[in-house]
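Summary of structural features
So you can see what is in the structure, the chains are spelled out below.
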Amino acid sequence: MPDYRPVETRESRLDSLITFGGTCAELAGGIRERCLKRMDRSFNQTTVCQEWYALFSLITVQNSVSIVHAPVGCASSGSTMNIFNRMGQVVRGEARIRNARWFASNLTENDIIHGGEDKLCAAVLSADQRYRPEVIFVFTSCVSGIIGDPVEEIATRLQPLIEARLVIAPCEGFRSAVWATGFDAAGHALLNYVLEPRPERDPRLVNVISPLTVGRLDEIEIERLFGALDLKANFIPHYASLEGIRRSVSAVATTATCLTYGDYFARELTARYGVPHTRELMPLGVENTDRWLLQVAELTDRVAATRALIAAERARIEPRLRELRDQLKGKRVYVSAGQARAMTMSQIAEELGFELVGTTVYHYDEVIADSVRRLAERSGAASLNIAQVQPFEQANLLRRLKPDLYMADEMSTGFAARQGIPTVMIYDYGMNYLGYNGLLATGERMVNALKNPSFHVKLAKHRRLPYREAWYESDPFAYVMP
Amino acid sequence: MTGTISLLDAVRTPHCRIAENPRYSCALGGALPTVGAIHRAVPIIHAGPGCGMQLFNGQNYVAGYQGYGYAGGASVPSTNTYEREVVFGGEGRLRQVIGTTREIMDADLFVVITGCTAEIIGDDIKAVVEEFAGAAVPLAYAETGGFKGNTYYGYDAVLAALARQIVEPPARREPRTVNVFGLVPSQDLFWQGNLEEIARLLNGIGLRVNTFLTHRQGLAELRRSSAAALNIVLSPYLAEPVVKTYEERFGTPSLRYPGVPVGPTATSEFLQLVADALALPKRKVRSFLDAETAYAYEYFDKSSLVVTGFSYQHRFAIVGDSATVIGLTRFLADDYGQLPVIAVVTDEPPEEARPGIVRALQSLEYADPPPVKFLADLWSVGAEVRNVAPTFILGSSLDKDLAQDIGALHQSVTFPATDRLVLNRAYAGFRGSITLVEDYLAPGLVPL
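Below or above, wherever it landed, is the structure these notes cover. These numbers come from a predicted model, not from an experiment.

About the cut-offs
- Residues numbered from 1 in each chain as written.
- Chains lettered and ligands numbered in written order.
- Predicted model: local features only at pLDDT ≥ 70, side-chain atom pairs only at ≥ 80, totals over all residues.
- Helix = DSSP H or I, 4+ residues; strand = E, 2+ residues; numbered from the N terminus.
- Rg over C-alpha atoms; globule rule 2.2 N^0.38 Å.
- Buried ≥ 20, exposed ≤ 12 C-beta atoms within 10 Å, placed from the backbone.
- Contact = placed C-beta atoms within 7 Å.
- Pairing = 2+ DSSP bridges.
- Axes fitted to C-alpha atoms, helices over the stretch in contact; angles between N-to-C directions.
- Nonpolar A, V, L, I, M, F, W, Y, C, P; charged D, E, K, R; others polar.
- Parallel < 35°, antiparallel > 145°, perpendicular 65-115°, else oblique.
- Left-handed = near helix turned anticlockwise from the far one by under 90°.

**Things to note about the overall build of chain A**
The helix and strand tally for chain A stands at 21 helices and 15 strands. Against the globule reference of 23 Å for 482 residues, chain A gives a C-alpha radius of gyration of 23 Å, in line with a compact fold. Projecting the C-alpha coordinates of chain A onto the three principal axes gives extents of approximately 65 × 55 × 50 Å. Classification of the 482 residues of chain A by burial places 58% in the buried group. Put simply, of all contacts in chain A between residues at least 6 apart along the chain, 75% involve residues at least 24 apart.

Printed below as a string of structure tokens:
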């Protein structure tokens, strides 16, 4: 019988924060003294809700249909996610590229009054009849939550009528301020409705929980490293088959290319099925890749071989790394990203020779506590902003810090461009960031971005951000309130 | 719900219009790009934390990667209401965020737009907004809860709200000024280029044009738009609440043209209607139309190398919003010798507007009238299109799979389009029709 309770929110489970302004050393101090407080902002810019990330987490599962039980707008980013879905097939060399399949139950005013049960049923039955999928995911929303539709009860009654496995992911946007709760909501749904015990163990199979922003080239790099260690990677859940997801219970270990993303699913695989998991953040940069690989090695009894592999890889890339260090020496860089990527991307400052002047981390929780401590030892004076984007704070910081390069995703690269700062996109699905080769590729993109800043420099002369001049003179964290 | 039978009945009930791969978002999704297109206007979202990015991604991003705009994407001020507001109300939070927005954001106009949660919990938006009456930067509001309607509804709601709250009574009439409505930013992929071309043409017959959404027009143009002699609507049904408001408040007459005029025949007809309504000098209008027509035909003649040289004549299906479907179908059929085999209208126009849409699509000069279907759901669209076996699908990028399945050519001309970048490209008017010819002939040439 599935566990119908929604997943615990990140703020409740991990004391997550989305508001902080100070330096890296100050954050590390707050962690050490256990005196970090949950704070709010009296000014906010829009962000992403957990429903978005829950849908983003499951929409690419093979032979699936996703249903958002909501007004039509809550499914509108399906088209954005379909870009990833198609790109994923392109880089895998698929001959016939297909769209993802998603529905909105399309709740309207009438359903707010009378309930949306009929529409949810209609969507589930239509999805099943039209496509005969293996699995149908249902995502709840603010509206379905407020009007109190008993989605799990409806599902229990619907399941015998359809062929697909019906999977419910409760993920009402207003219930959590931390969008990473959506990752957990997706994992929770798979754990409750899809996974079952299996007697066999595959001693070579390692689950690699990967967010959709970790691209195919990163997978290829991991497959290359695992191949050298006689391990097989089981990438889940993106582009995975239902069998691939089910097979995860028989793996010898679980790791994640982004622990922020995989934390809950990995913990629960350990708790429910005894598959042990690693706690390293992300194999990005030499040091973090070493640590990440060694943890996998410890769980799969391959420590000696892994040490040899690490030594060989380090020696292999060192000449090129030295050239990149020369080119990036003294360059001042600002990084903005989700917590695991923000930490590891900031930590490569030492390996690539640049100076870290600041980092925006989309949220903070204990998953990155050790990593913050290590970063503070090297870059303690760097600015540290915890914010689910909030580009107004960043605009102020960038004006003060005047970095040579800004590294982030498309939610904010365009804003930094208007400030004349060259940018590097660090979530491009078609590029490699992870592993030893990923570090070289990242360094090369940084060098290229610095080589010709003409677009950014000239754009800044003609376009501006929507903030008053007075804002740039104010404390960047003036709107953080206790 | 009692069992299988009633469940299957539920699927067929008309009110159960579920949407597979929907081709629009919600009212808030229409409000955001509409406010965002007004020069130096900044939206303030009163809704849950994720509405802004969900709808930025779901509208602007997938409309040919149209960018953030002045204060779009992750920079839009928002109350980000959580459980606390859902339980205790969000008015205090809204008041706070309006106040801080005024301190930080540089704007000529703020517009509070609401999402589902704010409206379901019953916040009194009007009361909160009125507390800021008389402030240096005006503040308007529009109720755009997502459950109330789709993107088109949100466009109408914002413009009608501005017509009530921002537009001022005219100091004096301007007999040669017109307002243009009906093109929904991002939902019409080519809204910007189309409005620029429409404005160029109206300028050409001697008119000043308010589009409010292009040419860096904003608060000033909105305020004095009541002086216009005519409201022009380029849609079979949109902007009804806004033109009604102008009519009631200022007695402004309106002229509705059912769709975006594309190509010499439709554009000449449209401009002639405007000229007649405003009694413009006939000779001047005639000579402008003649020059524009000659310009277009010079290029159509050049395209003859492909269109006659390869016998480029397709049985085409067209899928999208009513204004674009009408405009493109009429051009391709009336001016360009193509064969329409089905027109699928996906914007769910009100019942009373449907006969007019069918008429516009079926009154063709030479071609057989195509069947017209009103459907928004991907599966249903696919079933209808397969039935008529077209050799070319003009639709959204969602229709690429269908085109591949039936071996038809495909070009993205309606929302969403993730396979092309759209900046100032236009299909409207004379020049736009030349661009459309380039895009229509492109897929056949790609493999060469």
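There is more to say after this.
**Let's talk about the sheet that holds strand β8 (residues 232–237) of chain A**
All names here are of chain A. The strand order β8-β7-β9 describes an open sheet built from three strands, whose pairing is parallel. Unpaired on one side and paired on the other, β8 and β9 (251–256) mark the two borders of the sheet. Each strand axis lies, on average, 30° off the axis of its neighbour in the sheet, ignoring direction.

**Here we look at the interface of chain B and chain A**
Counting residues at the interface gives 71 residues for chain B and 65 residues for chain A. Here the side of chain B that touches chain A gets nine residues from one element, more than from any other, and that element is helix α3 (residues 51–61) of chain B. Of the residues that constitute the side of chain B that touches chain A, the class distribution is 38 nonpolar, 27 polar and six charged. Sheet analysis places strand β4 (residues 102–104) of chain A next to strand β1 (residues 19–20) of chain B, joined by two bridges and oriented antiparallel. The residue bridging F103(A) from the neighbouring strand is E20(B), located in β1(B).

**A word on the packing of helix α13 (residues 286–300) of chain A against helix α14 (residues 303–328) of chain A**
Residue and element names in this part refer to chain A. Interaxial distance between α13 and α14 falls to 9 Å at its minimum, and their mutual angle equals 160°. Here α13 lies roughly antiparallel to α14, going by the angle between them. Judged by the twist between their axes, the crossing of α13 over α14 is right-handed. Touching V286, D290, L293, L294, A297 and E298 of α13 are V303, T306, I310 and R314, all from α14. Partitioned by chemical class, the residues of the contact of α13 with α14 number six nonpolar, one polar and three charged.

**Some thoughts on the environment of L213(B)**
Residue and element names in this part refer to chain B. Relative to the helices and strands, L213 is located in the loop between β6 (208–210) and α10 (219–223). By the C-beta count within 10 Å, which is 25 here, L213 ends up buried. In this structure the C-alpha to C-alpha distance between L213 and I38, which are 175 residues apart in sequence, comes to 4.8 Å. Excluding residues within four positions of it along the chain, L213 makes contact with A37, I38, P185 and L195.

**A closer look at the pairing of strand β3 (residues 109–114) of chain B**
Residues and elements named next belong to chain B. Most of β3 is tucked away: six of the six residues are buried. Here β3 shows a buried face lined by L109, V111 and I113 and a second buried face lined by F110, V112 and T114. Pairing between strand β2 (residues 41–46) and β3: six bridges, direction parallel. Paired with A41 across the bridge in β3 is L109. Where β3 lies against strand β4 (residues 139–142), four bridges are found, and the strand directions are parallel. The partner of V112 across the bridge, within β4, is Y141.

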